[in-house]
Amino acid sequence: MSKTPPRDRGRFGADTRLVLAGRDPGAQHGFVNTPIYRGSTVLYPTYDDIKHRRGRYNYGTSGTPTMDALCEAWSEIAGAAGTVLAPSGLSALTLALMSCVSAGDHLLVTDSAYRPTRIFCDGVLARYGVAVEYYDPVIGAGIAGLMRDKTRAVLVEAPGSQTFEMQDVPAIAEAMHARGGTVVMDNTWATPLLFPPHERGVDLAVEAGTKYLSGGSDLLLGLVSANAKHYPALKRTYEHFAPCPGPEDIFLGLRGLRTMGLRLREHGARGLAMAEWFQARPEVLRVLHPGLPDDPGHAIWKRDFSGASGLFGVILKPVSEAGLAAFLDGLELFGMGFSWGGFESLVIPFDPTVYRTATRWQPGGPALRFHIGLEDPEDLKADLEAGFARMVAA
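Residues numbered from 1 in each chain as written. Predicted model: local features only at pLDDT ≥ 70, side-chain atom pairs only at ≥ 80, totals over all residues. Heavy atoms only, no water.

If you check an unreviewed UniProt entry, the protein chain appears there as Cystathionine beta-lyase from Methylorubrum podarium. Quoted verbatim from the Catalytic activity (unreviewed entry) field of the UniProt record, the comment on the protein chain reads "L,L-cystathionine + H2O = L-homocysteine + pyruvate + NH4(+)". Its UniProt record gives the protein chain a comment under Sequence similarities (unreviewed entry), which states: "Belongs to the trans-sulfuration enzymes family." (UniProt positions renumbered as here; feature names shortened; annotations may be inferred.)

Novice: Honestly, the packing of aromatic side chains in this entry has me stumped. Any pointers?
Specialist: Following the criterion strictly, the structure yields twelve aromatic pairs and no others. Pairing Trp-189 with Phe-305 gives two aromatic rings, centres 6.1 Å apart and planes at 70°, and the pair type is edge-to-face. Taken together, the positions of Trp-189 in the loop between β5 (182–186) and α7 (191–194) and Phe-305 in the loop between α11 (298–304) and β9 (311–316) put the pair 116 residues apart, joining distant regions of the chain. Where Phe-350 meets Trp-361, the ring centres are 5.9 Å apart and the plane angle is 35°; that geometry is what we call tilted. With Phe-350 in strand β11 (residues 345–350) and Trp-361 in the loop between β11 and β12 (367–371), this residue pair connects regions lying eleven residues apart in the sequence. The residues Phe-350 and Trp-361 share a single accessibility class, namely buried. By way of ring pairs, the aromatic residues Trp-277, Phe-278, Phe-312, Phe-327, Phe-334, Phe-370 and Phe-388 are connected into one cluster. Here the basic side chain of Arg-118 rests over the ring of Tyr-134, its NZ or CZ set 3.9 Å away from the ring centre. (Phe/Tyr/Trp six-rings, centres within 6.5 Å; stacked < 30°, edge-to-face > 60°. Helix = DSSP H or I, 4+ residues; strand = E, 2+ residues; numbered from the N terminus. Buried < 20%, exposed > 50% of the residue type's maximum accessible area, 1.4 Å probe, protein only. Lys NZ or Arg CZ within 6 Å of the ring centre and 35° of its normal.)

Novice: Just to check I follow, could you spell out the nonpolar core for this structure?
Specialist: Most often, soluble globular proteins have nonpolar side chains that are buried together. The biggest cluster of nonpolar side chains holds 82 residues, and the ones touching the most others in it are Leu-107, Val-154 and Trp-189. At eight residues, helix α3 (residues 65–78) tops the list of elements feeding residues into this core. Every residue in contact with Leu-107, bar those within four places of it in the chain, is listed here: Leu-97, Val-101, Cys-121, Leu-125, Val-130, Ala-131, Val-132, Glu-133, Ala-153 and Val-154. Phe-312, Leu-316, Leu-328 and Phe-370 belong to the second-largest nonpolar core, a separate cluster that totals 23 residues. (Core = buried A, V, L, I, M, F, W, Y, C linked by side-chain atoms within 4.5 Å. Contact = heavy atoms within 4.5 Å.)

Novice: Mind showing me how you'd approach the environment of Gly-142 here?
Specialist: If you trace the backbone, Gly-142 turns up in the loop between β3 (131–135) and β4 (151–157). On the basis of relative accessibility, which here comes to 39%, the residue Gly-142 falls in the partly exposed class.

Novice: How do you make sense of helix α13 (residues 377–393) when you look at a structure like this?
Specialist: Within an α-helix, residues lying three or four positions from one another point in the same direction, as the helix has 3.6 residues per turn. The end-to-end C-alpha distance of α13, which contains 17 residues, comes to 24 Å, matching closely the 24 Å that a straight helix rising 1.5 Å per residue would cover. Buried within α13 are the following residues: Leu-380, Lys-381, Asp-383, Leu-384, Gly-387, Phe-388 and Met-391. For α13, the buried positions fall inside an angular range of 160° around the axis, keeping them on one side. Residues of α13 that are exposed and point over 90 degrees away from its buried face: Glu-378, Val-392 and Ala-393. Among the residues of α13, the N-terminal cap falls to Asp-376, whose side-chain oxygen and the backbone nitrogen of Glu-378 are separated by 2.8 Å. (Expected span 1.5 Å × (residues − 1). Arc of directions from axis to C-beta. Polar contact = N/O pair within 3.5 Å; in protein donor to acceptor, adjacent residues only side chain to side chain.)

Novice: How should the pairing of β9 be read in this particular structure?
Specialist: Successive residues of a regular strand alternate their side chains across the two faces of the sheet. Within β9, six of the six residues are buried, which leaves it mostly tucked inside the rest of the structure. With four bridges connecting them, strand β8 (residues 284–288) and β9 associate as antiparallel partners. Bridge pairing links Leu-288 to Gly-313 in β9. In the sheet, β9 pairs with β12 via five bridges, with the strands oriented antiparallel. The residue bridging Leu-311 from the neighbouring strand is His-371, located in β12. (Pairing = 2+ DSSP bridges.)

Novice: For this particular structure, what's the right way to read the sheet that holds strand β2 (residues 106–110)?
Specialist: The strand order across the open sheet built from seven strands is β1-β7-β6-β5-β4-β2-β3, with neighbouring strands paired in mixed fashion. A strand with exactly one partner marks an edge of an open sheet, and here the two such strands are β1 (82–86) and β3. Within the sheet, the average angular offset between the axes of one strand and its neighbour, ignoring direction, is 20°. Bridging between β2 and β3 involves five bridges; their strand directions are parallel. Bridge pairing links Val-109 to Tyr-134 in β3. Sitting on the sheet, α3 is in contact with β1, β6 (204–208) and β7 (222–226), with an inclination near 125° to β1. (Axes fitted to C-alpha atoms, helices over the stretch in contact; angles between N-to-C directions.)

Encoded structure:
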């Protein structure tokens, strides 16, 4: 007979829980993984059953065994009361925000937020009567000074998207909760493995499963986990919108979950080593990585996080656009493309001066965001060294 994983898994380490969470071979005829359930219609055996909606499932949008497996697993890993899924990270963010703000409310958003989140806030939320105000990401407990009578929620992201400022999430959460507000966090950079959001005061934690949960750059997926107080509202909002991801993507998310801890540690170690390598380069002005001892947010990172992922920023010393293009265009191992978290290394140029409103971005030179993949680090360094040579020559 196949064994069902132990129910009391709190005594196990993170890697063991990643292997066990959301799996029940005993319910799957002994097969290790929950299969892909595709379907919309669920049949009821009798009139009385359909009248009283008896049964675990009633329609495809209300869930499937595949969806439940990932939601239950993620809730266990995140320390949440419940989780809902969405077809992308942005969709998950919008779902979280829509579950906690209404017309006439005031929403505080970090100035370092993921830009598509800002577009949603300034477009859809503003159109429906939510007043959105951006704040300095390093404000900490000072966030209390921005709160109004109608302040209902704050959105945090640590470290900040592209610019990597660290936020004092516990201090912000304490200030917000003192006023009865909700704390929403984009926790994609760290995942719950490196930053347990609900232990740190976050009510709704958003993850782009597209990144490290996937690990393969081959799916779009979002997750929102919630504490017990906020899960009912999140669940209701999910039921109103029914933003269901595809069953194959959910299955790939489950598959990625099993190795996420191993991959994340490798990305983090290689990322920090490459950040230190960049610091020593004469072409580099500074490196944006909270794991570096001289980073302005290092103390907060060391206090609240158990590690780093493979994503960080590099500010180059002033260089011509032709020089920057020569550096980037000739790279062999760093692809230029949005997203991150996969096995491959990536780089993009960025400039948030066009949309930041609460703070000024003055880096002192061109800004690049790097994701360090699983290639041989010496090969990555050789590729970058060749790029710097091209940049100088140009």
